[in-house]
Each structure stands twice: as C-alpha cells, then as structure tokens.
Amino acid sequence: MKIDILTIFPEFFKEVFDFGIIRRAKLANIVDLNVHDIREFTTDKHRMTDDRPFGGGDGMVLKPEPIFAAIEKLVGTSDRENYPSGTKVILLSPQGRVFKQAVAREFAEEATHLVLICGRYEGVDERVNETLVTDEISIGDYVLSGGEPAAVVLTDAVVRLLPDALGSDTSAENDSFSDGLLDCPHYTRPAEFRGMKVPEVLLNGNHAEIEKWRKGKALEKTTAIRKDLLGANGECE
Ligand code: 9D3
C-alpha cells in the first residue's frame, strides 16, 4: 500500500513512523509511506498555503490550489471520479465519519493508495472536499489543533492490518475489538509482587480454565466501562 500525507507541518511526522510495526512494514516494503509539505506545491511568490476566509471571521483557511496540485501529482487527476481504483483521498477533519476498527479494516482491505490531507483548526477550502475527497474522517469527539495526530492514528491502525505487517507471534485476530470485547488483564513474573498475587488460575497450566477466565474478565471489563461495545451488530460500534 502507498500512503501519502499532505500537511503544512511535515516536521511533525519526523520520527513518529520510525518504530515498531510501522517501521518494520516500511522496511519490508509492505507500505510506501511519504510525508509532503503542502508548501512545496505552491507556485506564488510568497508560497502561501492559507488565506483569509471569504465572509470574514477569525483564522485562516487552507487554499485549494496547492492541495489540488498535490493530488494531481500524487494521484494523476484532481477529479475523484477518475481516480485509479483503490485510491482514497481522505480529509482528516472533525466533521468526518468517526474512525473505528471497521473503517481501518475497510481501508486496509480495499485501498492500494491512501492520500491523507491534514486539516487545520481554521478549516480547508470547501472545494477540496467537493472534488478531491473520497472520505472525510474524524478520529473522535474531541478537539485537536489539526489533522496531523489523526493521520498518525489512521496510518498506524491501517498499516498493522496489512498482510504480513504483524509478526508471526501476534495476530490481528486476537485483538481487542476483533471479537468486540476489551482485552483481559495480563500478568508476568514475579507471581507475587509487593504482596499482590497473580490470579491462581493463570499459574495452574489448565488452558481450558485459563481461556474461560480470560473471556469472563474481558466481558466483565467491557460491561463495566464499554457497554456500547456489546451491541449485537458485530460492528464493534
Ligand atoms: C473553529 C474550529 N472548530 C469549530 C467547532 C472546528 C474545528 C476545525 C478543525 C476544530 C478542530 C479542528 C482541527 N481538528 C482537526 O483537523 C481534526 C480532528 C479533531 O479535531 N478531532 C478529531 N478528529 C480530527 S481529524 C482532524
């Protein structure tokens, strides 16, 4: 999969993709991940990426020209009707559909090229949304100062789902959310730490008992703090 990130703060991403599963996926050519400065696609003397809003008001709005130029370079066209199949141009914005594991799965399975446009607090010219964007995504109901952290979250969640991105010791199948429940508690040595004992069931080697305990704890935890995950629709919503 190819992932291109468009931002006015390319420095934000300097080291964030150099660790763990994403780093491995890059080295194994499972993902071709690149960050682009929107400013590099400006053609005016002052290389302006934003401008004052028509109609007045505070703050600046990201200009359409460099974003259109970037998409034309990266995708080949600025008409979303003519994007190559498997191409998604995603605007990260608080107005978007909320990112969930099901959305990560959809992108990992259907897309071969993701272009992530990082919005800013003040907004993006609406013509970007009208003709370039195939998916508008929010990562949740809280206010960020821009789309950059959201681009990191989305990239991480999608890349680890790509075939062969996870090591053989881990499996996306065993993830919390894959069976719609939160994870069970985990313990490692020592069996007693400052008077706190590891549950006896985990020490006795009875794997059927252990599985039953883990499932029970997962259900207990989910019921206590995330009843919304227990819906019958299996969408983990
Ligand atoms: C004047 C700004 N706000 C009016 C309610 C809207 C607003 C626009 C842009 C608030 C924050 C932002 C910057 N955030 C993002 O670009 C963003 C975001 C977020 O804030 N929350 C969750 N997901 C995302 S994805 C991009």
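Residues numbered from 1 in each chain as written. Predicted model: local features only at pLDDT ≥ 70, side-chain atom pairs only at ≥ 80, totals over all residues. Heavy atoms only, no water.

Colleague: Provide a residue-level description of helix 5 (residues 148-159), including the pertinent values.
Modeller: For helix 5, built from twelve residues, the straight-helix expectation of 16 Å at 1.5 Å per residue is met to within 8% by its first-to-last C-alpha distance of 16 Å. Every buried residue of helix 5 is accounted for by Glu 148, Ala 150, Ala 151, Val 152, Leu 154, Thr 155, Ala 157, Val 158 and Val 159. (Helix = DSSP H or I, 4+ residues; strand = E, 2+ residues; numbered from the N terminus. Expected span 1.5 Å × (residues − 1). Buried < 20%, exposed > 50% of the residue type's maximum accessible area, 1.4 Å probe, protein only.)

Colleague: Tell me about the pairing of strand 2 (residues 32-37), and name the residues and values.
Modeller: Here strand 1 (residues 2-7) runs beside strand 2; their pairing, made up of six bridges, is parallel. Looking at strand 2, one finds that Leu 6 is bridged to His 36. Handedness of the crossover joining strand 1 and strand 2 through helix 1 (residues 20-27) is recorded here as right-handed. (Pairing = 2+ DSSP bridges. Right-handed = clockwise from strand over helix to strand, strands pointing away.)

Colleague: Got a sec to walk through the domain arrangement of the chain? Specific residues and values, please.
Modeller: The domain architecture assigned to the chain consists of domain 1 (2-159) and domain 2 (176-229). The gap between the C-alpha centroids of domain 1 and domain 2 is 38 Å. (Domains from an automatic or database assignment.)

Colleague: I'd love a proper account of the packing of aromatic side chains, names of residues and values included.
Modeller: The way to describe two aromatic rings as a pair is by their centre distance and the angle between their planes. Counted by the stated rule, this structure contains three aromatic pairs. Taken together, a centroid distance of 6.0 Å and an interplanar angle of 20° make the contact between Phe 13 and Phe 17 stacked. The burial state of Phe 13 is the same as that of Phe 17; both residues are buried. These aromatic residues form a ring-pair network of at least three members: Phe 12, Phe 13 and Phe 17. (Phe/Tyr/Trp six-rings, centres within 6.5 Å; stacked < 30°, edge-to-face > 60°.)

Colleague: Before we move on, can you summarise the nonpolar core with the specific residues and values?
Modeller: A general trend in soluble globular proteins is that nonpolar side chains are found buried together. In terms of nonpolar packing, the biggest core is built from 33 residues, with Ile 3, Ile 5, Phe 99, Leu 114, Leu 116, Leu 154 and Val 158 touching the most fellow members. Among the secondary structure elements, those contributing two or more residues to this core are strand 1, helix 1, strand 5 (87-98), helix 3 (101-110), strand 6 (113-118) and helix 5. No other element matches the seven residues that helix 5 contributes to this core. Not counting residues up to four positions away in its chain, the partners in contact with Leu 116 are Ile 3, Asp 4, Ile 5, Leu 6, Ile 90, Leu 92, Ala 151, Leu 154 and Thr 155. Counting residues in each nonpolar core, the second largest holds 18 residues, with Leu 6, Val 75, Val 89 and Val 115 among its members. (Core = buried A, V, L, I, M, F, W, Y, C linked by side-chain atoms within 4.5 Å. Contact = heavy atoms within 4.5 Å.)

Colleague: Can you break down the pairing of strand 6 residue by residue, with the values?
Modeller: The element strand 6 is largely enclosed, with a buried count of six among its six residues. Side chains His 113, Val 115 and Ile 117 project from strand 6 onto one buried face, and the interleaved Leu 114, Leu 116 and Cys 118 project onto a second face that is buried too. As judged from the five bridges shared by strand 1 and strand 6, these two strands associate in the parallel manner. Note on strand 6: the bridge partner recorded for Leu 6 is Ile 117.

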